Amino acid sequence: MTTPDQPGQPAAEERLLRERLQRAGYLADADLATTVWLASALQRPLLLEGDAGVGKTALATALAQSQNATLVRLQCFEGLDLAQAAYEWNYGRQLMAIRMSESDKDAAGRVRESDVFSRDYLLERPLLRAISQQGPCVLLIDEIDRADEAFEAFLLEVLAEYQITVPEIGTIRASHIPQVILTSNGTRELSDALRRRCLYHYLDYPTLAREIAIVKAALPQVDTRLVEDAVQFVQRLRREDLAKIPGIAETLDWVKALFQMRHTQLPEDMSAVLGTLGCLLKTREDRFVMGPDRLRQLVEGRRTVGVAENANEQAKATT
């Protein structure tokens, strides 16, 4: 029989998830928290797409920490194969077992194939390690778009059935289904088959208010004025035509640098700001474009916005 409090159960669990992620240092908005909760409830992989630096990998780390789960990470790259991703045989140990059997006078003189092709001689790589966990596990398949399309075909079995087939042994099934998070920077189009097996969420750059909250949570010792000044500047910088847009990690690095230099707000001296831009701009072209004049325009534009906001607040207070 359906009880009256059942409809509110998912909402309560979603709020609990957001609170746990926040305690782990990750501020998730409502849409993201809902998608993460649904992926866990439905035991489906979650595909996170977005530019580099928006917090895709950090979500998996925080999720594992919030659930006291083991984090297993598979870093994808071009040429990734089965041996590097799932398992490979320990050939050195197998050869040693064969030679020891041949030299043992009490042995029959030969070792059976089933003896050396057993689980004891199997080297676990991230995928097999994840489905072999006996407790909670978060499997992070990072930058899946960097792997070849052929690797996706093998990955489908893992994501659909949470199992890996080893020809010499048979099928190894997960006793405890891991929570799988795949990330993609969009460097290539993923297959429809892979997308169908996953829930999907596009993770964009945070809003001004959310990024300020993220930086304050990560760096509580930094002055609020400096955090607000720096984040507003980075938000305006992202609208420039840059080869590599700075992400949240770059914002945190820059605020740390300014704090180490004993600044309590964004300095008026452009030379002081220029010396720290290596925290934000990571290509020669971007660094060349962002000269003192353009930098001053961005800073003054931020301050103009701040003055306008203060004027609006004062006008509202008087009416």
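Everything here concerns the structure above.
Residues numbered from 1 in each chain as written. Predicted model: local features only at pLDDT ≥ 70, side-chain atom pairs only at ≥ 80, totals over all residues. Heavy atoms only, no water.

A. Representation of the packing of helix 10 (residues 208-218) against helix 11 (residues 224-237) within the structure. Direction vectors running N to C along helix 10 and helix 11 enclose 135°, while the axes themselves pass 10 Å from each other. By the criterion of interaxial angle, the relationship of helix 10 to helix 11 is oblique. Regarding helix 10 and helix 11, the two cross each other, and that crossing is right-handed. Each of L208, E211, I212, V215 and K216 in helix 10 lies in contact with helix 11, whose residues at this interface are T224, V227, E228, V231, Q232, V234 and Q235. (Axes fitted to C-alpha atoms, helices over the stretch in contact; angles between N-to-C directions. Helix = DSSP H or I, 4+ residues; strand = E, 2+ residues; numbered from the N terminus. Parallel < 35°, antiparallel > 145°, perpendicular 65-115°, else oblique. Left-handed = near helix turned anticlockwise from the far one by under 90°. Contact = heavy atoms within 4.5 Å.)

B. Spatial organisation of the packing of helix 10 against helix 12 (residues 248-260). At a closest axis distance of 11 Å, the pairing of helix 10 and helix 12 adopts a crossing angle of 55°. Considering the angle they form, helix 10 stands oblique to helix 12. Judged by the sense of rotation from one axis to the other, the crossing of helix 10 with helix 12 is right-handed. Of helix 12, the residues touching helix 10 (which contributes E211, I214, V215 and A218) are I248, T251, L252 and V255. In terms of residue class, the contact of helix 10 with helix 12 is made up of six nonpolar, one polar and one charged. (Nonpolar A, V, L, I, M, F, W, Y, C, P; charged D, E, K, R; others polar.)

C. Region of interest: the layout of surface pockets. By volume, the largest pocket amounts to about 270 Å³. In this structure, the largest pocket is lined by 15 residues; those nearest its centre are G25, Y26, A58, I214 and I248. At the level of elements, helix 3 (56-66), helix 10 and helix 12 are the ones that each hand at least two residues to the lining of the largest pocket. A total of four residues in the lining of the largest pocket trace back to one element, the largest contributor, which is helix 3. (1 Å grid on protein atoms, 1.4 Å probe; cavity = no way out; pocket = protein on both sides within 12 Å on 5 of 7 lines; lining within 4 Å. Points joined across faces, edges and corners; volume = space filled by probe spheres on them.)

D. Highlighting the environment of R294. Mapping R294 onto the fold places it in helix 15 (residues 292-318). By relative accessible area, R294 is classed as partly exposed at 28%. Ignoring anything within four residues of it in the chain, the contact list for R294 reads E240 and V289. At 2.6 Å, the side chain of R294 and the side chain of Q297 are in polar contact. (Buried < 20%, exposed > 50% of the residue type's maximum accessible area, 1.4 Å probe, protein only. Polar contact = N/O pair within 3.5 Å; in protein donor to acceptor, adjacent residues only side chain to side chain.)

E. Expanded view of the nonpolar core. Counting residues in hydrophobic clusters, the biggest one holds 38 residues, and the most contacted among them are L127, I141, I144, F151, L155, I164 and L182. Elements supplying a minimum of two residues to this core: strand 2 (70-75), strand 3 (87-89), helix 7 (126-131), strand 5 (137-142), helix 8 (149-161), strand 6 (163-166), strand 8 (179-184) and helix 9 (192-196). The element that contributes the greatest number of residues to this core is helix 8, accounting for five residues. Setting aside residues up to four positions removed in sequence, I164 forms contacts with A86, Y87, L127, L128, I131, F154, E157, V158, G170, T171 and I172. (Core = buried A, V, L, I, M, F, W, Y, C linked by side-chain atoms within 4.5 Å.)

F. Spatial organisation of the pattern of salt bridges. If you walk through the whole model with that rule in mind, you get 14 salt bridges. Among the ionic pairs, R125 bridges to E88, the shortest N-O distance being 2.3 Å. Of this pair, R125 sits in the loop between strand 4 (122-124) and helix 7 while E88 sits in strand 3, placing them 37 residues apart in sequence. By relative accessible area, which is 25% here, R125 ends up partly exposed. With a relative accessible area of 25%, E88 lands in the partly exposed category. (Salt bridge = Lys/Arg side-chain N within 4 Å of Asp/Glu carboxyl O.)

G. Representation of the environment of E78 within the structure. Residue position: E78 is located in the loop between strand 2 and helix 4 (82-85). C-alpha separation for the pair E78 and D145, spaced 67 residues apart in sequence, amounts to 9.0 Å. Ignoring anything within four residues of it in the chain, the contact list for E78 reads R146 and D148.

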